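Coordinate inspection notes
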Amino acid sequence: MRSRPLIRMQVPRVVFPGETIDVGLSLDSATETPIDFVRVTLEHTQKIGSQGSQTFPVSRDLLLLSEDVAGKGRLGEGVHRYRVSFALPVDLPPSHAGSLASCRCRVSALVSIPWWLNAEESEVILVGRPTVPAPKDEPFTSASSREHGAFVEVSLPRRTFAPGEPLAGAIAFGDLGGRRPFTLDVSLIAVELAQLSQHTLSSEGRQLSFFKDLAGVAGTEVPFRIALPRELAFSYSAAEVSLEYRLEVTLEHVGGRVLHSVPVVIDRFEPRTGREGKRPPVGADRWRAVWASVGQRVGLSPGGRGLRLRGVRAGCAVEVAPAEKESSAGLSATVRFAEPWGLRLGVRPRGALDLGGMATGEGGVEEGGFDRRFRARGREEAQVLAALTPALRGALSAFHLADVDDAEARVWSAAGASDGPELEAFLAQVDALARAIAKAGAALPPPAAMAAWLPAWRRFAEENAGALGVGSMRLAWTFEGGRFELETLFKGAAPTGTRLVLRLDPPIAGAGGTMKAAEQRIAAAILEQAARLGRVADAEEGVAVAPGKISVVMAAPLADPAAAQEVLRPMLALAREMRGERRGGPYR
C-alpha cells in the first residue's frame, strides 16, 4: 500500500554568498511506496509588487538549483537519509522584505509518487550580508543650496554605518535674514526602488528621527545622535531592486523651511570598537576658519568678534562682514577712502520713481546700465563725472547694492557668508573697488573755477609737506608746531570764501569766552592780516575761538595759499596767550 513519507530537512538558518549549503534530508516511509524521483531544490526568488492595484506583482528566480537524490523505483519501509550541497554565487543578493519587493531563499524537497499525492516540504533560509572591513573614516560636510538665503550644514565623521552603531553628527544653520528658527528634524529615510516593466516604483519610509526645538542663534552647532537598531536592513542594489538610505534634515523657520539630504550607507561592517569618529566642525567655528583662510589669501585679517575681516587695500581701509539687508542675508563691505574727496558726492541705488541725477553716459535711466541702477549727485557735475571712472562704475555695478559718499563706499551682495568660494569672489570684487577708488581719487580734478590756481596750491603743499585735497581745494599742513587747515567754502558749485583754521591740541579749556585785553589785541592783528587777502567774512564776530580751534573766514577763495602765511603767526600767538605762555614778539 502506498503512503506519503514524512519529510524532515536540516538546513542552516543563515547563509552567506560564496558559501556552500549542506542540506540534510530524511524520509520516514510507513510502507513501501513507488516513486518517480526525490528532488531537492534551492531557489532564490525576487518578487516585485506594485503601488496601487493597476498591475499584478511579478517574480523571477535569481537562483535555481536542484538535484535528484533518488530516481524511479521503490521507497522501502523505514527511514532514508540523503545529503545535498549547493554552492552559492558570491554576488547573490541578500534576503529582503520591503513594501515594494522581496527577495527570499527557500530549500524544498519533493517526493514524486505516481498516481498519488506527492510529498513536499520547504524551509526558508536567510541570505545574509557578509561582514566587510569597515572603511576608513572620511569626515564629511555638506550644505544645502544658498540660492534662497537660509541654509543648513551637516557634519558627519563618515557616511558608512553598521546596524547597532550610533549615527552621530552635527547641524548648523545660517543666513536666516533675521527670521527666527523653530525646529530641527534629522531623520534617517529608507528609499526602496523597484523596476516593474517600464515603470519605476519607489517607496520612502522614515526609520529613525532626532527632533529639537531651536532656541539658539544662527551658527551654533546642534549635535544629534541616532541609535541604529541591530535589525536595520542593509543598503543594497541587485537586479531591479535597491534599498538606499539618506539622512534628511529639515529646518523650520518663520519664513518657511529648508530641506537637505545626505546619502548614507548601512552595511555589515566589522566592529569599530564603539567609536563615533571625529567630524569636521560646522557653523560659526567652520565659518571663522573659512574667513581667516580666504582673508589671508587677499591680505585681510580677522578682526573684532564674529565674522569680520579688516585690512588695507590700495590705500583704502576695508572692512567685510556678514550683513542682513531687506530680510536677506549676504555680505557687506565698507571701503574708506584714504582722503575724503570733498565733492559732496552721493551715489545711491535708484528707486522706481527716482528721477534726476547726473548722467554718466553708461546706459540711460530707461536703457539700463549704471545710470539705470544708480543716481549720482554732487557739488559740481564735471567733478562727479570725472570721479566716476569706467573702472569705478564697473566695480560698483558688480554688487547688488552700493552707497557712496565723499568718505566711503558701502556695498552689499547676496553671496553666502559661510561659503568659501563665494566669499573669495566677493573679496575680489571689494579689492577691485578699492583699486578703482584709489585711482579715481588720485586723479580728481579741482573745482572748475579754481583749476588755474591748482599749480600754486600743489607747490605750497609740496614745499610745506602738506596734504592737499584737490576735489574740495583743502589743505592741511604744520607751521611752527601748529596744525593749520585751509578750507575753500562753496555756495552751490561756486567757491565763495576761505576758512583758515588753527587746531588746538590739546584743546584750551574755557576758550571761546570773553577775551582779555592782550588776546583782543592779537585777534585784531589776525583780522588786519586777513583783511589784506580780501574782505573778512563775519567781521562783527571777527576771529572765532573755541576750545579746539581758532579760525577766521575770508569772503573770497585764495588763488595761492602762500598769501595766507602772514596770518599764521598771530594765530599761533593768540593760542600761546590763551595757554598763558609768555614769549616776546610783535604780537605780545
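Residues numbered from 1 in each chain as written. Predicted model: local features only at pLDDT ≥ 70, side-chain atom pairs only at ≥ 80, totals over all residues. Heavy atoms only, no water.

Residues of the chain with pLDDT of at least 70 account for 91%, and the chain-wide mean is 86. Here strand 17 (residues 199–213) stands out as the least confident element of the chain, with mean pLDDT 78; helix 6 (residues 454–463) is the most confident, with 96. (pLDDT = per-residue confidence, 0-100. Helix = DSSP H or I, 4+ residues; strand = E, 2+ residues; numbered from the N terminus.)

In this section: unusual backbone geometry. Between Asp505 and Pro506 the backbone carries a cis peptide bond, its omega angle lying at 5°. As for its position among the elements, Pro506 is in the loop between strand 33 (494–503) and helix 7 (517–531). Unusually for a residue other than glycine, Ala314 sits at a positive phi of about 55°. Assignment of secondary structure puts Ala314 in the loop between strand 23 (309–313) and strand 24 (316–325). A positive phi is found at Met473, a non-glycine position, where the angle reads about 50°.

Moving on, we come to the nonpolar core. The biggest cluster of nonpolar side chains holds 46 residues, and the ones touching the most others in it are Val320, Trp341, Leu392, Phe426, Leu433 and Ile437. Looking at this core element by element, the count peaks at nine residues for helix 5 (residues 420–442). Contact partners of Ile437, with chain neighbours within four places excluded, come to Cys316, Val335, Phe337, Trp341, Leu392 and Ala409. Core analysis: the second largest hydrophobic core is formed by 40 residues, Ile48, Leu208, Tyr236 and Tyr245 among them. (Core = buried A, V, L, I, M, F, W, Y, C linked by side-chain atoms within 4.5 Å. Buried < 20%, exposed > 50% of the residue type's maximum accessible area, 1.4 Å probe, protein only. Contact = heavy atoms within 4.5 Å.)

What follows concerns the environment of Leu500. Tracing the chain through its elements places Leu500 in strand 33. Between the C-alpha atoms of Leu500 and Gln46, which are 454 residues apart in sequence, the distance is 97 Å. Those residues in contact with Leu500 that sit more than four places away from it in its chain are Trp477, Phe484, Glu485, Leu486, Ile550, Ser551, Val552, Met554, Ala564, Val567, Leu568 and Met571.

Our focus in this paragraph is the packing of helix 4 (residues 390–397) against helix 5. Between helix 4 and helix 5, the shortest axis-to-axis distance is 9 Å and the interhelical angle comes to 150°. When the axis of helix 4 is compared with that of helix 5, the two are roughly antiparallel. Where helix 4 crosses over helix 5, the two elements pack in a sense that is left-handed. Residues Ala391, Leu392, Ala395 and Leu396 of helix 4 touch helix 5, and the partners they reach there are Ala432, Leu433, Ala436, Ile437 and Ala440. (Axes fitted to C-alpha atoms, helices over the stretch in contact; angles between N-to-C directions. Parallel < 35°, antiparallel > 145°, perpendicular 65-115°, else oblique. Left-handed = near helix turned anticlockwise from the far one by under 90°.)

Here the focus is the pattern of salt bridges. Oppositely charged side chains may form a pair once their charged atoms are brought near each other. Following the criterion strictly, the structure yields 31 salt bridges and no others. We note a salt bridge from Glu240 to Arg60, for which the minimum N-O separation is 3.3 Å. Taken together, the residues span a long stretch of sequence, with Glu240 in the loop between strand 19 (236–238) and strand 20 (241–253) and Arg60 in strand 6 (residues 58–70) at a distance of 180 residues. For Glu240, a relative accessible area of 29% corresponds to the partly exposed category. For Arg60, a relative accessible area of 38% corresponds to the partly exposed category. In this structure, a network of salt bridges that share partners links the residues Arg308, Arg310, Glu319, Arg336, Arg348, Asp403, Asp405, Glu408 and Arg410. (Salt bridge = Lys/Arg side-chain N within 4 Å of Asp/Glu carboxyl O.)

To continue, consider the packing of aromatic side chains. Counting across every chain of the model gives seven aromatic pairs. Summarising the aromatic geometry, the rings of Phe337 and Trp341 are spaced 4.5 Å apart at their centres and angled 35° between planes, so their arrangement reads as tilted. The residues Phe337 and Trp341 share a single accessibility class, namely buried. Between Phe479 and Phe484, the aromatic rings sit 6.4 Å apart at their centres with planes inclined by 65°, giving edge-to-face as the arrangement. Side by side, Phe479 and Phe484 carry an identical accessibility label, which is buried. Clustering of aromatic rings is evident, with ring pairs tying together Phe460, Trp477, Phe479 and Phe484. Sitting over the face of the ring of Phe140, Arg159 holds its NZ or CZ atom 4.1 Å from the ring centroid. (Phe/Tyr/Trp six-rings, centres within 6.5 Å; stacked < 30°, edge-to-face > 60°. Lys NZ or Arg CZ within 6 Å of the ring centre and 35° of its normal.)

A few words on helix 7. Turn by turn, an α-helix covers 3.6 residues, leaving residues three or four places apart pointing in a common direction. Counted at 1.5 Å a residue, the expected span for helix 7 with its 15 residues is 21 Å, and the 21 Å between its end C-alpha atoms agrees. Those residues of helix 7 that fall on the buried side of the exposure criterion are Ala518, Glu519, Ile522, Ala523, Ala525, Ile526, Gln529 and Ala530. All buried residues of helix 7 fall inside an arc of 155° around its axis, so they share one side. On the buried face of helix 7, the contacting elements are strand 35 (549–554) and helix 8 (565–579). (Expected span 1.5 Å × (residues − 1). Arc of directions from axis to C-beta.)

Before going further, it helps to spend a moment on the sheet that holds strand 3 (residues 20–29). Taken together, the three strands give an open sheet; going across it, the order is 1-3-8, and neighbouring strands pair in antiparallel fashion. Edge positions in the sheet fall to strand 1 (6–10) and strand 8 (78–87), since each has one partner strand and no second. The sheet shows a mean angle of 20° between the axes of neighbouring strands, direction not considered. As paired elements, strand 1 and strand 3 share five bridges and run antiparallel to each other. Looking at the pairing, Met9 lines up with Leu25 of strand 3. (Pairing = 2+ DSSP bridges.)

For the rest of this paragraph, the subject is the packing of helix 7 against helix 8. Geometrically, a packed helix pair is captured by the angle between its two axes and the distance between the axes. Remark: helix 7 packs on helix 8, axes separated minimally by 8 Å, with the N-to-C direction vectors making an angle of 165°. In terms of their interaxial angle, helix 7 and helix 8 are classed as roughly antiparallel. Here helix 7 runs over helix 8; the crossing is left-handed. Residues Ala518, Glu519, Ile522, Ala525, Ile526, Gln529 and Ala530 of helix 7 lie in contact with helix 8, whose contacting residues are Glu566, Val567, Pro570, Met571, Ala573, Leu574, Glu577 and Met578. Residues belonging to the contact of helix 7 with helix 8 are distributed by class as follows: eleven nonpolar, one polar and three charged. (Nonpolar A, V, L, I, M, F, W, Y, C, P; charged D, E, K, R; others polar.)

Strand pairs in the sheet, formed through backbone hydrogen bonds, run parallel or antiparallel to each other. The six strands are arranged 30-31-32-33-35-34 in an open sheet whose pairing can be described as antiparallel. Pairing within the sheet leaves two strands with one partner each, and these edge strands are strand 30 (467–469) and strand 34 (544–546). In this sheet, adjacent strand axes meet at a mean angle of 20° when their direction is disregarded. Two strands pair when backbone bridges link them, and strand 34 and strand 35 are joined in this way by three bridges, in the antiparallel orientation. Residue pairing in the sheet places Ala546 in a bridge with Lys549 of strand 35. Across the sheet, helix 6 is in contact with strand 30, strand 31 (474–479) and strand 32 (482–491); its angle to strand 31 comes to roughly 30°.

Our focus in this paragraph is the side chain of Glu165. Position of Glu165 among the secondary structure elements: in the loop between strand 14 (160–161) and strand 15 (166–174). By relative accessible area, which is 11% here, Glu165 ends up buried. Reaching out from Glu165, the side chain makes a polar contact with the backbone nitrogen of Ala162 at a distance of 2.9 Å. Residue contacts for Glu165: discarding those within four places in its chain leaves Arg158, Ile226, Ala227, Leu228 and Arg272. (Polar contact = N/O pair within 3.5 Å; in protein donor to acceptor, adjacent residues only side chain to side chain.)

With that settled, consider helix 8. An ideal rise of 1.5 Å per residue puts 21 Å on 15 residues; helix 8 measures up with 22 Å between its terminal C-alpha atoms. Of all the residues in helix 8, the buried ones are Val567, Leu568, Pro570, Met571, Leu572, Ala573, Leu574, Ala575, Glu577 and Met578. Looking at the packing, one finds that the buried side of helix 8 touches strand 31, strand 32, strand 33, helix 7, strand 34 and strand 35. Positioned one or two residues after helix 8, Gly580 has a phi angle of 85°, which is positive.

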